[in-house]
Amino acid sequence: MTDFNKSIETLQGLDVSKMYGEDFFLTWEKSDDELKGVWAVADALRALRERNISTKVFDSGLGISLFRDNSTRTRFSFASACNLLGLEVQDLDEGKSQIAHGETVRETANMISFMADVIGIRDDMYIGKGNTYMHEVSDAVKEGHEDGVLEQRPTLVNLQCDIDHPTQIMADTAHIIREFGGLENLKGKKIAMTWAYSPSYGKPLSVPQGAIGLFTRLGMEVVLAHPEGYEVMPEVEEIAKKQAEASGGSFRRTNDMKDAFKDADIVYPKSWAPFGAMEKRTKLYGDNDQEGIEALEKVLLEENGKYKDWACTEEMMSLTKDGKALYLHCLPADITGVSCDEGEVDATVFDRYRIPLYKEASYKPYVIAAMIFLSKFKNPVETLKELERKGTERVQP
Amino acid sequence: MTDFNKSIETLQGLDVSKMYGEDFFLTWEKSDDELKGVWAVADALRALRERNISTKVFDSGLGISLFRDNSTRTRFSFASACNLLGLEVQDLDEGKSQIAHGETVRETANMISFMADVIGIRDDMYIGKGNTYMHEVSDAVKEGHEDGVLEQRPTLVNLQCDIDHPTQIMADTAHIIREFGGLENLKGKKIAMTWAYSPSYGKPLSVPQGAIGLFTRLGMEVVLAHPEGYEVMPEVEEIAKKQAEASGGSFRRTNDMKDAFKDADIVYPKSWAPFGAMEKRTKLYGDNDQEGIEALEKVLLEENGKYKDWACTEEMMSLTKDGKALYLHCLPADITGVSCDEGEVDATVFDRYRIPLYKEASYKPYVIAAMIFLSKFKNPVETLKELERKGTERVQP
Amino acid sequence: MTDFNKSIETLQGLDVSKMYGEDFFLTWEKSDDELKGVWAVADALRALRERNISTKVFDSGLGISLFRDNSTRTRFSFASACNLLGLEVQDLDEGKSQIAHGETVRETANMISFMADVIGIRDDMYIGKGNTYMHEVSDAVKEGHEDGVLEQRPTLVNLQCDIDHPTQIMADTAHIIREFGGLENLKGKKIAMTWAYSPSYGKPLSVPQGAIGLFTRLGMEVVLAHPEGYEVMPEVEEIAKKQAEASGGSFRRTNDMKDAFKDADIVYPKSWAPFGAMEKRTKLYGDNDQEGIEALEKVLLEENGKYKDWACTEEMMSLTKDGKALYLHCLPADITGVSCDEGEVDATVFDRYRIPLYKEASYKPYVIAAMIFLSKFKNPVETLKELERKGTERVQP
């Protein structure tokens, strides 16, 4: 059982006032207090739900979901978060490849938002585009609200962009906080965010970027490992370095997976596409250069195939702290011999961590709900206490 | 802020009793009192929402949406209206091109309606089909209710048919009522409903038809302008003429855009397809004559290209009353240099009217909700007052 | 009007305790009391709704629908049932043809279920697959709940599998109970579950199998009729035989449609695919043998065409008890001269039974809601009484 009172106590000591009325784009745009606030509210909402207490703070209202990518997990997490708070989800299906700009974005954003309290967007396919697009939407509805077009300002939750995947990494972190018995216990722990081989091509960089962009704030020894050529966005590495210094942790990069796994407390091995290649691809898509795209894909797949030994095997795991590092993944993983011939992780490793992995994922709906909650309620402590006081049963007994 | 008490007072003076249990197909099938009732209820609902008072009059129940056309705006407007009243939207996706009849319609209509309180239909593609189809659905569920199959009779809202687009035009009118400071102030105002060039082909006629079918009732000087060959349905023109006479306004048609814009208080320039051509196209589709369709399309596009000078330019706008006519559009507009090379409206004109245009659109969810409300509640004044008295907060404070 | 008190009295006399926390897969896995419990709760919910009393027992929560087949009727029935109880439907669209297994099923099932109270699955296309898949999903979420991944265990409702179509047949039976004035009046009645010709190929066997798997428990004289080669699953026939013996009814098979219709009180003529052919097809799909699939389809269509005289004509109907047997169908029916040239039933026969057929279908949302209700509420009598006592209005008056 999650402890409601403890969450409330934590929340009371935090300054989350600036989250009210604001969007959630990137974790490093938020203060430490604000991130702690998200975890505290997530815990409080979970605690209430565990006690069959309704957390519906909206009597009606819409949560708009805008996925520019196929998605099952994040879609369901957003739908769950909205339902938890009383919002009904309405999907806007714009088509996968269409990159709309300017007038169209401004207009569409307003047209779908007359009753919208929150907008969740996933747009992670094109470097330099996703986060930009989210800001365009946010600016449009902010302006719409100021101009008297929208009665309320819908706030935005980044459900994955080209830069960060805040709901994922915040959920991952909620999980390791719980596993290690508290945020303070993460200090000095070594975490290996490493590339791993997958036969599929072009996975987004938002997870490794999000990981180094958040773990470096927690005083952890963060190692980013990948083959040469699989660099992430240099801007995010810069942020990671600065944050590590400030938090008393460390950040370094290596091209040696073993180096990263050695004595690690936590490992997060997963595939991603090289940043440089993603930039090229974005340009080719922009020019609608189909031949160029195919040529690039061929090169990338060949390059990719050279690093099949970058896998989270039992042997690799044995290098970690007591051979028992906590294994993280955002799921679905490419499991060797299960979902593909050669993949990111050995089946025995994955199997040993299945329950923790599922629990890791279970934090996401609550993290999303907490982000919405903090952007919508000026006095989150009071609102949460009021929910407990009223004690409306979620399921009739 | 919208004035709740004023709306209630207005509503008290109107006879809306015949709307109870009835559908909303065409504005000219409704009395003046009934149209005023829609605007009054729309205002009342908006006033309550602005004061954070819940307008959920349904504890559960479904709103069925049936779109035989792609749609974002109207879909979201219907979803918003349903959510506002407490209904959950369930989409029936029948496929775009399928024109079902008879047994199938009757059966499907009943099968989807066991828990349905309202059905919203958009079917505007084929002349002579959309409105007919809506009546088939309505008759089917009416019969189903009478036969004891359905516990409640779902009422129908026309979300755009081949003849009228009542939710759009009612929203447009709510907007101009507000902009001109009252319905009575529209008397004698000149409104130009004019064709405008767009590179895209085959836009529905329901907007111009809906416009002349409603504005002529308000004592306005209504001018319908279009190039030769772009006639709308003659039956609707007949109605417009008669209504203009009765209301003390006027209705005339011209093939000269400048004539229409001259001294106009309001302009509504947009593209539509010629009625005759749409009739031919419907027949060709019925015969599944693909070659004929393509040939027709070619002819129409060539014809269309001759009228690129039919555009709402700055020059055209300068002809209007003090150069400041209110510019209306149902959105999205084809904006020259923005969404296309040459289109319906100059970018500078559109930009100057962006906020009013967005506000115009913001009435649609409330207009749809009001149509549902009046068809479902026998004593709308009492029900609205009761909502205010209870004062359930939409968002917890 | 449905009688609430009578339903409650009936329910009080039944042992439905083992349904709490359990799934609903096949009717023959449930006791007589449990089936009666479903009908009683379905009636009670309907009675409350008829009196405008809300039956929302969930304040929030999700009902996940997973359709591996196109569906309108069942989809709307499930959505209606969820809405009736206060659950919001979230669709998981996995694609029609994909048959996922093992790890993927386990993971997906958990990932979509963090806020799920119920999962409804339709998967009827491949012999030996659908029911198996449902059990995989059920086992996965049961395990997820036991492992602490899921806060609640979502229970599963079989919305049609390769073996049974319990929500359909339970609705059909609710209908005949009402038509014959009580369950006890069905004893000794002759029911003909017969194959009928349809130009379309490969309809599921779950309806005839479900029919003989349930009607044989009611003391009815059940006759299964079909052309040679159109056998259903032998295991289900075995169950039907045993149940008929136990209930004091009878079960026999014939290849003569007239024999089945002779003096029948109820007829249920509909097309289905031969079990043996479906087994072959499943294998061919498994091997991805496109040529084999096409060859098989050709053979089956030819074979199918030989039995156009298997139709529910007026002549056939005249053979039944007083020429007035009750005609059942799960809809949509293939009606001769209406939906096809030659089909399952004469237009005049269908037309005469339209209202009863629609009423038959109207039980499905309530039957599904009852299955959910009994799996979620330990004391269904108390919970239902509490709903009546509170008397929350579904639609504000």
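So, a few notes on the structure that sits alongside this text. Since the model is a prediction, treat every value here as computed from it, not as a measurement.

Here is what the cut-offs are and how they apply
- Residues numbered from 1 in each chain as written.
- Chains lettered and ligands numbered in written order.
- Predicted model: local features only at pLDDT ≥ 70, side-chain atom pairs only at ≥ 80, totals over all residues.
- Heavy atoms only, no water.
- Pairing = 2+ DSSP bridges.
- Helix = DSSP H or I, 4+ residues; strand = E, 2+ residues; numbered from the N terminus.
- Axes fitted to C-alpha atoms, helices over the stretch in contact; angles between N-to-C directions.
- Contact = heavy atoms within 4.5 Å.
- Buried area = accessible area lost by both parts, 1.4 Å probe.
- Salt bridge = Lys/Arg side-chain N within 4 Å of Asp/Glu carboxyl O.
- Polar contact = N/O pair within 3.5 Å; in protein donor to acceptor, adjacent residues only side chain to side chain.
- Nonpolar A, V, L, I, M, F, W, Y, C, P; charged D, E, K, R; others polar.
- Least-squares fit on C-alpha atoms with pLDDT ≥ 70 in both.
- Buried < 20%, exposed > 50% of the residue type's maximum accessible area, 1.4 Å probe, protein only.
- Right-handed = clockwise from strand over helix to strand, strands pointing away.

## Observations concerning the sheet that holds strand β2 (residues 88-92) of chain C
The strand order β2-β1-β3-β4 (chain C) describes an open sheet built from 4 strands, whose pairing is parallel. Taken across any chain shown, the strands that pair with only one partner, and hence form the sheet edges, are β2 and β4 (155-161) of chain C. Taken pair by pair, the neighbouring strands of this sheet meet at an average axis angle of 20 degrees, ignoring direction. With 5 bridges connecting them, strand β1 (residues 62-67) of chain C and β2(C) associate as parallel partners. Note on β2(C): the bridge partner recorded for C:S65 is C:D91. Helix α3 (residues 73-85) of chain A rests against β1 and β2 of chain C of the sheet, and its axis sits at about 180 degrees to β2(C).

## Structural notes on the interface of chain A and chain C
The interface is formed by 36 residues belonging to chain A together with 32 residues belonging to chain C. Summing both partners gives a buried area of about 3000 Å² for chain A against chain C, and 54% of it is carried by carbon and sulfur. Considering only the surface of chain A that becomes buried against chain C, A:F76, A:Y358 and A:Q396 emerge as the three largest contributors, covering 26% of it. Close ionic contact of A:R73 with C:E107 constitutes a salt bridge, the shortest N to O distance being 2.9 Å. Our enumeration of links across chain A and chain C arrives at 15 residue pairs in polar contact (both at pLDDT 80 or more). When contributions to the side of chain A that touches chain C are tallied by element, the ones reaching two or more residues are α2 (32-50), α3, β2 (88-92), α13 (347-352) and α14 (354-376) of chain A. The element best represented in the side of chain A that touches chain C is α14(A), accounting for 8 residues. Of the residues belonging to the side of chain A that touches chain C, the class tally is 17 nonpolar, 7 polar and 12 charged.

## Considerations on the relation of the copies chain A and chain C
Under the fitted operation, chain A is carried onto chain C by 0.0 Å of movement along the axis and a turn of 120 degrees, and the coordinates agree to an RMSD of 0.0 Å. Read as a symmetry element, the transformation amounts to a three-fold axis. Across chain A, the smallest distance between a C-alpha and the rotation axis is recorded for A:E88, namely 4.7 Å. Looking at the interface residues of chain A, only 6% of them are also at the interface in chain C, so each copy uses its own face.

## Remarks on the pairing of strand β3 (residues 116-123) of chain C
Residues and elements named next belong to chain C. With respect to burial, β3 is a largely interior element, 8 of its 8 residues being buried. Sheet topology places β3 next to β4; 5 bridges connect them, and they run parallel. Note that in β4 the partner of I119 across the bridge is L156. Running through helix α5 (residues 130-146), the crossover from β3 to the neighbouring parallel element β4 is right-handed.

## A closer look at the sheet that holds strand β9 (residues 326-327) of chain A
Residues and elements named next belong to chain A. Taken together, the 5 strands give an open sheet; going across it, the order is β7-β6-β5-β8-β9, and neighbouring strands pair in parallel fashion. Edge positions in the sheet fall to β7 (250-254) and β9, since each of these pairs with one other strand and no more. Looking at chain direction, strand β6 (residues 221-225) and β7 are connected through 5 bridges and run parallel. Each bridged residue has a counterpart across the sheet, and for L224 the counterpart in β7 is R253.

Function cannot be inferred from these measures alone, as they are strictly geometric.
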